[in-house]
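So you can see what is in the structure, the chains are spelled out below.
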Amino acid sequence: MERYNYGSIFIRNMTKMHTKALNTAKSSQEAISTPRVVIVGGGFAGVACAQKLLRSDTSLHVTLISSKEFLTYYPALYHVVTGLNPEYAQIYYDDIFEKHLHSDSPFQFIHDTVTACDNQGREVITQSGDSYQYDYLVMATGSEAHYFNIEGVEERCFTFQSSHAAVHLKERIVNMARNHLVSSKEEMLKALHFVIVGAGASGVELAGDLASFARSLVSAHGIPESMVTIDLVERNERVLSRLPEKVSEKAEMRLRKLGVNLFLNRSMVKSESWKVFLSDMTLGAKTLIWTAGSRPHASTQNMNGFNYTKRGKIEVDEHFRAKNVEEVFVAGDLAAVGDSGLAQSAIRHGKHIAQVIEGSVSGKVLPDEYEVRELPVNIPIGVGWGIMAYKETVVTGWLAWILRFLIDARYFWSLVPFNDVVNRLMMVRRLYYRRHEICLPVEDVEHKNEE
């Protein structure tokens, strides 16, 4: 069974105080005469921006502030739900910026939460009470789940928007089998009934992988596979509604082949204890999984000077500069741009902003206006099958599934050494070769560990 690498975590914790002292020294000595860039948010956009700025020839002092110690690789979180080691989806900033954190490089990482932004004084204030002045501010704080005020959902649903939430959901699924071995048939059917609301990429990926994981789980406990029910609920007329119709058709065929029930053109009304109410029916289930919506973090709302859209995003110009606010850039899910919400788009946002800042500081010509492009998508649906689409080209099956892992590996390699990439891919290999150990009854797991 996969375990956290506590040794590496211990080493990271032991170096925190040293790193903080180093950061403080850098900040006081270098930021005085060098243009200061503060990046709030260490997701895809924030990291891409920081990396590009640090690779440039322009003299800048870069500060990255994040409430977490690692970048979360969101595209892999559905895998964590079905047994993958959560460290696969965690890329520590100490590793990404290792040569900058432990040298004279003008960079500092701050593990803290920004609570206020003073546009007039050009500084951000953190939860710990520290303040960081800037000449250029990049806001890339990402998003959080949005429940649309549907009764009972926020209190009862599970999400997997963080590695911690994904592990929590995995434990819930495993416990639904282990804790209902002697329950009545009716009670067991509710316990092994999983309702996923939202058939975008995250919902479809989880539904496909959960189909095989849940059935392996119950088989290991001597429960008939027919007791497992997986429902995927979508308010639109097809799954993956933002993609071409032919992609949706192939995805729906695959999901049905895996035994996933599709409830399309249906909206969720409310959730009560062990019940999920749709617009025209009621589902008896003990586990509700929410993937149906997200919104910018509440902490970024109602800040003075910014123009917001109805969805809470900040209006920006063609170079991601916030309208009516000087030297503040907005990227990723927070930016009111046509392609926000995708990991690959957030990376493009961050790189473009870095180019604009470089040009502004050095007096060079600014890059061309940002252009929203159609980007390739790759969605795994179950073990050994995926769907990749780019413009008019659609590839399905084993090849698309393998390409997804190569895409993951390519991104990891842009952040960490090759041996780290190999270690992460080995985690995936162990997942599929040893998934049965996760599914074993508790006494069998303990026996296996003793061996």
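Here the structure is shown first, and the text comes after it.
What follows covers the overall build of the chain. Across its full length, the chain carries 14 helices and 22 strands. By the burial criterion, 52% of the 451 residues in the chain qualify as buried. Considering only intrachain contacts with a sequence separation of at least 6, the fraction spanning at least 24 residues in the chain is 65%. Total accessible area on the chain stands at roughly 21500 Å², and carbon and sulfur atoms take up 49% of it.

Another point: the pairing of strand S11 (residues 193-197). Summarising burial for S11: 5 of the 5 residues are buried, a large majority. The two faces of S11 match: His193, Val195 and Val197 on one face and Phe194 and Ile196 on the other face are all buried. You can see the chain leave S11, run along helix H9 (residues 201-220) and come back into strand S12 (residues 229-233), and the turn it takes is right-handed. For S11 and strand S17 (residues 287-290), the ladder comprises 4 bridges, and the chain directions are parallel. Residue pairing across strands places Phe194 opposite Thr287, the latter belonging to S17.

Spatially, S6-S7-S8 is the arrangement adopted by the 3 strands of the open sheet, whose pairing is antiparallel. Each end of this open sheet is capped by a strand with a single partner; those strands are strand S6 (114-118) and strand S8 (131-133). Here the average twist between neighbouring strands, direction ignored, is 20°. Across 3 bridges, strand S7 (residues 123-126) lies against S8 in antiparallel orientation. In the sheet register, Val124 faces S8, and the bridge partner there is Tyr132.

Looking at the element boundaries, Arg172 is found in helix H7 (residues 163-178). Salt bridges are absent for the buried Arg172, whose nearest opposite-charge side chain, Glu187, sits at 9.2 Å. Those residues in contact with Arg172 that lie beyond four places of it in its chain are Phe158, Trp274, Lys286 and Thr287.

Quick look at the pattern of salt bridges now. Counted according to the given criterion, the structure contains 13 salt bridges. Residue Arg321 is joined to Asp317 by a salt bridge in which the shortest nitrogen-to-oxygen separation is 2.8 Å. Taking relative accessible area as the criterion, Arg321 reaches 26% and is therefore assigned partly exposed. Residue classification places Asp317 among the partly exposed positions, given a relative accessible area of 24%.

Parameters and conventions
- Per chain, residues are indexed from 1 in the order of the written sequence.
- Totals for whole chains, interfaces and linings use all residues, but because this is a predicted model, local features are given only for residues with pLDDT of at least 70 and pairs of side-chain atoms are given and counted only at 80 or more.
- Note that the side-chain values use all heavy atoms of the structure and ignore hydrogens as well as water.
- Strands here mean DSSP runs of E at least two residues long; helices mean DSSP runs of H or I at least four residues long; both are numbered from the N terminus.
- To sort residues, take the accessible area from a 1.4 Å probe on protein chains only and compare it with the maximum for the residue type: under 20% means buried, over 50% means exposed, and anything in between is partly exposed.
- Note on definitions: a residue-residue contact is assigned when non-hydrogen atoms from the two residues lie within 4.5 Å.
- Every accessible area reported is derived by Shrake-Rupley at a probe size of 1.4 Å, with residue values counting cover from the shown protein chains alone.
- Here a crossover is taken to be right-handed if, once the strands point away from the viewer, the path from the first strand over the helix to the second is traced clockwise.
- When DSSP locates at least two bridges between a pair of strands, those strands are taken to pair.
- Interaxial angles span 0 to 180 degrees and are taken between N-to-C directions of axes, which are lines fitted to C-alpha atoms, for helices over the stretch in contact.
- Positive charges are assigned to Lys and Arg, negative charges to Asp and Glu, while His and the chain termini are left out of the count.
- For salt bridges, the criterion is a side-chain nitrogen of Lys or Arg within 4 Å of an Asp or Glu carboxyl oxygen.

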